[in-house]
Amino acid sequence: MSLTRRVEECIDVLKERKLDVLGLSETKWKGNGSKELREGYYLYWSGGVNARNGVGLILSHRMKELVVDVKYESDRMIIIQLKIDPVRVIKLVQCYAPQTGCDDQEKERFLELLEDRIIGDNTIVMGDLNAQVGCERQGYEEILGVHGWGPRNEEGKMLLDLCNRNSLVITHSWFKKQKSHKVTRYGWNGQQESVIDYLLINKELHNTVMDVKVIPSVSLG
């Protein structure tokens, strides 16, 4: 579903849930740029020439005032840096990883770009990473908590290895939640369940995370 017909609904979600940042994947908007929305919200988007993939971030007025840099990396990645206090800058990396069916080279290029851009502290990676990291912790005890979900696929193994190399924690796996507050994707028949959307954060910031959960009632397709 293109972002064009969903922007107003996104703003309603931000207001209702009292959110300052909303990450968007598969926006299907061409080009890149920024625009002011209603009630002080601000949209940054990064797309390609064919309106095929696309990512974006909607910020509240409060967050927009903290923006010090924006990088439109590709139609699968946008990075915004926020100066949240006099000495600390947070890097937000919104992603939309290549999905099932894309060739291995495209997946490898995406992960190489991501790894190159997440160097440094105070980094938050979020979005649709199209990977299932599963619940088996052996070898990943420091980055994957005891509340993971489901099996692991090859893309999940690659994501876990990237997290290990870059000291990123897979946040949802550290919180005990019922299934509806954990599963992020259901198959077309409603039977297949998986977690492919993530919020990853540097280990140094891990103790600042108070909660991570899916809110199924605000699904916008």
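Residues numbered from 1 in each chain as written. Predicted model: local features only at pLDDT ≥ 70, side-chain atom pairs only at ≥ 80, totals over all residues. Heavy atoms only, no water.

The name recorded for the protein in an unreviewed UniProt entry is Craniofacial development protein 2-like, from Diaphorina citri.

Draft legend 1. Structural context of the pattern of salt bridges. The full count for this structure, using the stated rule, is 18 salt bridges. Linking aspartate 12 and arginine 38 is a salt bridge whose minimum nitrogen-to-oxygen distance equals 2.7 Å. Residue aspartate 12 is found in helix H1 (residues 7-17), and its partner arginine 38 is found in the loop between strand S2 (32-36) and strand S3 (42-46); the two are separated by 26 residues along the sequence. Note on arginine 38: relative accessible area 27%, which makes it partly exposed. The network of salt bridges with common partners includes Glu8, Asp12, Lys15, Arg38 and Glu39. (Salt bridge = Lys/Arg side-chain N within 4 Å of Asp/Glu carboxyl O. Helix = DSSP H or I, 4+ residues; strand = E, 2+ residues; numbered from the N terminus. Buried < 20%, exposed > 50% of the residue type's maximum accessible area, 1.4 Å probe, protein only.)

Draft legend 2. Geometry of the pairing of strand S8 (residues 123-128). A large share of S8 lies buried, amounting to six of its six residues. Here strand S7 (residues 88-96) pairs with S8 via six bridges, running parallel. By the bridge assignment for S8, lysine 91 is matched with threonine 123. Between the parallel elements S7 and S8, the chain passes through helix H3 (residues 104-117) in a crossover that is right-handed. Looking at chain direction, S8 and strand S12 (residues 197-202) are connected through five bridges and run antiparallel. Along S12, the bridge assignment pairs glycine 127 with tyrosine 198. (Pairing = 2+ DSSP bridges. Right-handed = clockwise from strand over helix to strand, strands pointing away.)

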